[in-house]
Each structure stands twice: as structure tokens, then as C-alpha cells.
There are 2 protein chains.
Amino acid sequence: MTDPTAPGPLAATAALMADPARARMLAALMGGEALTAGELARVAGVTAATASGHLARMADGGLLLVHAQGRHRYVRLASEEVAAAIETLGGLAARIAAPPRPWKHGEAARAARLCWNHLAGRIGVALHARLTGAGWLVPVPGGWDATTEGRARLAATGVDLDAAARAPRVATHRCVARACIARDCMDWSERRPHLAGGLAREIATGWIGRGWLRRLPAEGDGDILARRRLALTPEGARALRDGLGLDLSA
Amino acid sequence: MTDPTAPGPLAATAALMADPARARMLAALMGGEALTAGELARVAGVTAATASGHLARMADGGLLLVHAQGRHRYVRLASEEVAAAIETLGGLAARIAAPPRPWKHGEAARAARLCWNHLAGRIGVALHARLTGAGWLVPVPGGWDATTEGRARLAATGVDLDAAARAPRVATHRCVARACIARDCMDWSERRPHLAGGLAREIATGWIGRGWLRRLPAEGDGDILARRRLALTPEGARALRDGLGLDLSA
DNA sequence: CCATCGCTTCGCGGGGCGCCGAAGCGTCCC
DNA sequence: GGGACGCTTCGGCGCCCCGCGAAGCGATGG
């Protein structure tokens, strides 16, 4: 009936991340942008032929989505869950590999970074704590929904909650009783959850678009956190303090 | 300086989970008990020689701790973070592998199971929601601490909070300002956090010891969730409802 | 229409490693 | 003390798969 030599789901999925070139590609895609096969080949340090094979495997294994456009193939992470798994596994790996110099790649990344399409780091967990602590987000099965006041507060920061509600729904539960516009995602540097989901995506894109956060350049060549590091601008700090009561001076 | 062919931390750690035999061993260890090398060889379906090599690799890679006792070698997961990574990756793998029959191994495991040494499943997330929602746990940097009332409530359920405070501290932050007796761990079946950490360990062992929860037998031979499934007993349901206001009829 | 570009497929070579059987070593029990 | 047991180490076999270059294919652009 079942093949005793079959890898099993856990091993099969882990194997997709267990190759150095593939891991570098996944790390680059954690920046949230869709990258072309050629860009990923470059960041992985392999030829286009090798990269093509890797991308096909990962897409086939459900980690990536590929979108052909002209003669380019744009690749992005398949889902929030993939991003969460990479985030968690990356945190474990970092702690195992580098107890002596714990945060080689970064104090900046600990303060603010992207986790696929949403905010992570101290700002991410602070945002989670503020929105849930103030009662602007309330728990619903599978995640969080926003209250009326929460919607008003967020709308004032330029976040489009209708767009968040239109986020692709993953049908993991038979019947989803209520709107779930945000979920939790474990933050590996802070060890507490930050917000993920449609709302979190709108927040990240909106605040970056307004210039409240800006992307930081890569540090060196093999920077595993390239494309992910963010910095809060002075205007952003002011706006978040005044609009949400979010003080990030700590 | 740095070897360009070096795997990188993420790939190296993922590789430790990417072998079918190793994955089966890790799944078995998610039941929380320390198992001998021989037991793990059996569950993995390999000879003792092969298992020995696998265990040495995983111990060397920081996933496992080994404790020699007489002519047995007891093996357990190295840390909460390892358990969290396996939990997250396992959830992703299950969702990727089995959209047609989503929960082959079970409704029982979704209701209540062990995640290394703490409770997971619906009971785990309900407990998290209740303790934090009632204000019995309050957020501190890196996790949660209990209030005086929370301590009293938990002590009434037989949970020893002094033992929880003595939990091995992982020094990930330079200075930990306050006691942190619980942390969040993402639940892969419910997609919301449940409680981990010393407090959660005391809760799981205490409630199982009191007969409020009991371990369920394995289903078949290659049961990936063997040793993890739990069931709430009638006494347990009563005690949790009366003692903590935790209603699990849903 | 042809050159270029991005990407894929194919075939090949090589290294890593998963597996086992046999042998060795320490522990436990009679 | 001798035998059984649990585990490790060693040697060897075999497969998987990673990497590349070369060739093919569709899209683009002059």
C-alpha cells in the first residue's frame, strides 16, 4: 500500500530547504518581492541551468509560485505558511550556528525587517502587542479581526482594510465563521508573534509606500538578510507615535 | 575567509530533518519522552548502526541531547525551539502533501496533543487564549509572566510555578529584565499560538499526572503522531471548566 | 527576419551520504 | 566470569542529486 521508502511529508519539505543554493534563494525571496529566475541564480551562485532545476523542484513541492511574464519567470513564495516555516527554521539555525557572535547580520534586522510581505522584528512584535492590547484587533477562529475603532485607527495610517479583506483565503478550515484579516507569525529574533495576513501585508506596503519605513541596502555579497532589512524614518516614528500610540524608542 | 561551498545555517539545519529516517525519529521525539537509540532505530525502520550515525549527526547539529545511562543512550529534543521548528515545518508539510484528505492522522490530534513538553491543539490554543485573555498572564520581553491571581488559579490546578521558574533559561537576550515563565509556540493545526516554556511544561505534566489528560495509543505502525495524541478525560473537562473557566465543548 | 536574451531540457561526471554487516567495547545479569 | 545486550565504529556498496556545458525554444527588439 504505502511505500516504506517514501520520504514522508516532513522530510520531503525539509529536503527542499536543505540545499545551500535553494536556501539562498528562499532567503532572498523572504524580502517579499517576486524575483526572476536569473536573479535567483545569481544570488544562489549557480548557473541558470542549475537554478532552473531548483526552482522547478521547489515550485513542484509547493514552496514557490511561478508567474511567466514575457521572457521572464517571476518567482515568489507560495504562502504565508512557507514564509513562517522559513522564518522559524532560520531562527533555529542562527541560534545553533552562532552562539559566539549571536547577531552577526544584525542589530538593524532585529529592529525592523520584512518577513515575506509583513513586518517583523521589534517593530513587528510591538505592533502586534499594541493592536491586540488596545482591543483594536479581537481574536476570531484562525486569527484576528479588527474592531470599528481599530479600522478607523488603521485607516488613518493609510491602511486599506478592504484590500486586506480581499487577501487570498487559504481554506484550511471547513467553515470560517468570521472574517480573519490577520494571523500570528512567530518572530525568530524576538521570540514572540508578529502579525501576518492580509492586514499585515497592507500595513507593510502602505507604510513603506508612505516613506515611514525604508529598505536598507545589503551588507556584503552573501548577505542572507539582503532585501529584508528595514529602518524606521523619523516621520514614521512620529506618525506611529501620534496615530497608534506606538512608541519604539525602546 | 568564508568557504563559498559552505551550506549555510539554514540549509545545514534543514538537511538534518530532510532524511526520512531522521524525520521519523524527530516526530517520535515530539511526544516529549526521552527515547533510547534502539527505540528510535525501530521507529525509523533502520538498523542500530544506521540509527547511531543519524543520532550522532543530529546531536552534533544541535537538534538533540543525549544522556548516557548504563548501557542505554537516552535521546531527547534539545530545546523548545527545535520543537517549534519541527511543529511549524510539519504543519507546512502536511498542508502541502495532503490537501485532498486534510487530516488523515487526525481529528484526535487536532483536539489535544503534545508539542514536545507542552500542550498543543485546540486545548493548547484555548488555554493560551484563556490565560492571556483573563489577564492571568501578562506580556514581558520574550514571553509571559503570571500575575498573582494567575499564580493562584494555576496552583489550584496542581501546577507548580516554582518548578516552572526553574526551567532551563536560554540566554538569548543579554539581560532578561523579568521572569519569563512562558513563551508562544505556533500551533500548526489551529494556526494560532499555544503556550510553551516552563509553565507550559508544568501544566502538561501536571494535568497528565492528575489524569485530566491521557495519552492515546498509536494508530498503525508508521504513525507520525504516535506518542503525541492526547484526550481530555471527563474529570479533566470538569476541573478545567470549574478551575479556569475553560470550556472545551466547542 | 535575424540576433539577442531568458530560461529550460538533456547528458554527463563526481561527490556526498544512506544503508548494511561485521567487529569491537562497555554494561548488565545470572 | 561468562554470556547477552545496547550501542558505536569501520569498510564497502550503491544511489541520489548537485553541478556544469551544450543545445533547444519562445519572446523581444532592432
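Residues numbered from 1 in each chain as written. Chains lettered and ligands numbered in written order. Predicted model: local features only at pLDDT ≥ 70, side-chain atom pairs only at ≥ 80, totals over all residues. Heavy atoms only, no water.

**As for the overall build of chain A**
Along the backbone of chain A there are 11 helices and 11 strands. For chain A, with 250 residues in total, the buried portion stands at 50%. Long-range pairs, those at least 24 residues apart, make up 60% of the contacts in chain A with a sequence separation of at least 6. Element-wise, carbon and sulfur atoms account for 54% of the exposed surface of chain A, whose accessible area totals about 11,300 Å². (Helix = DSSP H or I, 4+ residues; strand = E, 2+ residues; numbered from the N terminus. Buried < 20%, exposed > 50% of the residue type's maximum accessible area, 1.4 Å probe, protein only. Contact = heavy atoms within 4.5 Å. Areas by Shrake-Rupley, 256 points an atom, 1.4 Å probe, with all protein chains shown as cover.)

**Focus: the pattern of salt bridges**
Across all of its chains, the model carries 25 salt bridges over all chains by this definition. A salt bridge links Arg113 of chain A to Glu87 of chain A; its shortest N-O distance comes to 2.7 Å. Placement of the pair is Arg113 of chain A in strand 4 (residues 113–115) and Glu87 of chain A in helix 5 (residues 80–97), with a sequence separation of 26 residues. Glu87 of chain A matches Arg113 of chain A in its accessibility class, with the two residues each being buried. A salt bridge links Arg110 of chain B to Glu190 of chain B; the nearest nitrogen and oxygen atoms lie 3.6 Å apart. Of the two residues, Arg110 of chain B is situated in helix 6 (residues 107–111) and Glu190 of chain B in the loop between strand 8 (183–186) and strand 9 (193–196); the sequence distance between them amounts to 80 residues. On the accessibility criterion, Arg110 of chain B (12% relative accessible area) is buried. When its relative accessible area of 10% is taken as the criterion, Glu190 of chain B is described as buried. Linked through salt bridges whose partners overlap, the residues forming this network are Glu87, Arg113, Asp187 and Arg228 of chain A. (Salt bridge = Lys/Arg side-chain N within 4 Å of Asp/Glu carboxyl O.)

**Let's talk about the protein's contact with DNA strand D**
In the neighbourhood of DNA strand D, 18 residues make up the surrounding shell, with Thr47, Thr50 and His54 of chain A together with Gly38 and Ser52 of chain B lying closest. In DNA strand D, atoms within 4 Å of the protein come 77% from sugar and phosphate. Within the side chain of Arg22 of chain A, a nitrogen or oxygen atom sits 3.4 Å from a phosphate oxygen of DNA strand D. At 3.1 Å from a base oxygen of DNA strand D is found a side-chain nitrogen or oxygen belonging to Arg71 of chain B. (Near = heavy atom within 4 Å. Polar contact = N/O pair within 3.5 Å; in protein donor to acceptor, adjacent residues only side chain to side chain.)

**Observations concerning helix 1 (residues 9–17) of chain A**
For helix 1 of chain A, the set of buried residues is Leu10, Ala11, Thr13, Ala14, Leu16 and Met17 of chain A. Of the surrounding secondary structure, the elements contacted by the buried residues of helix 1 of chain A are helix 2 (20–29), helix 4 (48–60) and helix 5 of chain A together with helix 1 (9–17), helix 2 (20–29) and helix 5 (80–97) of chain B.

**Some points on the relation of the copies chain B and chain A**
The transformation that overlays chain B on chain A combines an axial shift of 0.0 Å with a rotation of 180°, and the residual RMSD is 0.0 Å. This pairing of chains is accounted for by a two-fold axis. Minimal C-alpha distance to the rotation axis in chain B is attained by Ala14 of chain B, lying at 2.7 Å. A symmetric contact is evident, with 96% of the interface residues of chain B recurring at the interface of chain A. (Least-squares fit on C-alpha atoms with pLDDT ≥ 70 in both.)

**Overview of the packing of helix 2 of chain A against helix 3 (residues 37–44) of chain A**
A packed helix pair is summarised by two numbers, namely the angle formed by the two axes and the spacing between the axes. Residue and element names in this part refer to chain A. Where helix 2 meets helix 3, the axes come as close as 8 Å, and the angle between the chain directions of the two elements is 120°. By the angle between their axes, helix 2 is oblique relative to helix 3. Crossing hand, helix 2 versus helix 3: right-handed. Only Leu40, Val43 and Ala44 of helix 3 make contact with helix 2, whose side of the interface consists of Ala21, Arg24, Met25, Ala28 and Leu29. Taken together, the residues of the contact of helix 2 with helix 3 break down into seven nonpolar, no polar and one charged. (Axes fitted to C-alpha atoms, helices over the stretch in contact; angles between N-to-C directions. Parallel < 35°, antiparallel > 145°, perpendicular 65-115°, else oblique. Left-handed = near helix turned anticlockwise from the far one by under 90°. Nonpolar A, V, L, I, M, F, W, Y, C, P; charged D, E, K, R; others polar.)

**A closer look at the sheet that holds strand 2 (residues 64–69) of chain B**
Residue and element names in this part refer to chain B. With respect to topology, three strands assemble into an open sheet ordered 1-3-2, the strand pairing being antiparallel. The sheet is open, and its two edges are formed by strand 1 (35–36) and strand 2, each paired on a single side. For strand 2 and strand 3 (residues 72–77), the ladder comprises six bridges, and the chain directions are antiparallel. Counted as the bridge partner of His67 is Tyr74 from strand 3. Packed on one face of the sheet, helix 2 meets strand 1, strand 2 and strand 3 and runs near 80° to strand 3. (Pairing = 2+ DSSP bridges.)

In short, the description is geometric, and any link to function would need to be established separately.
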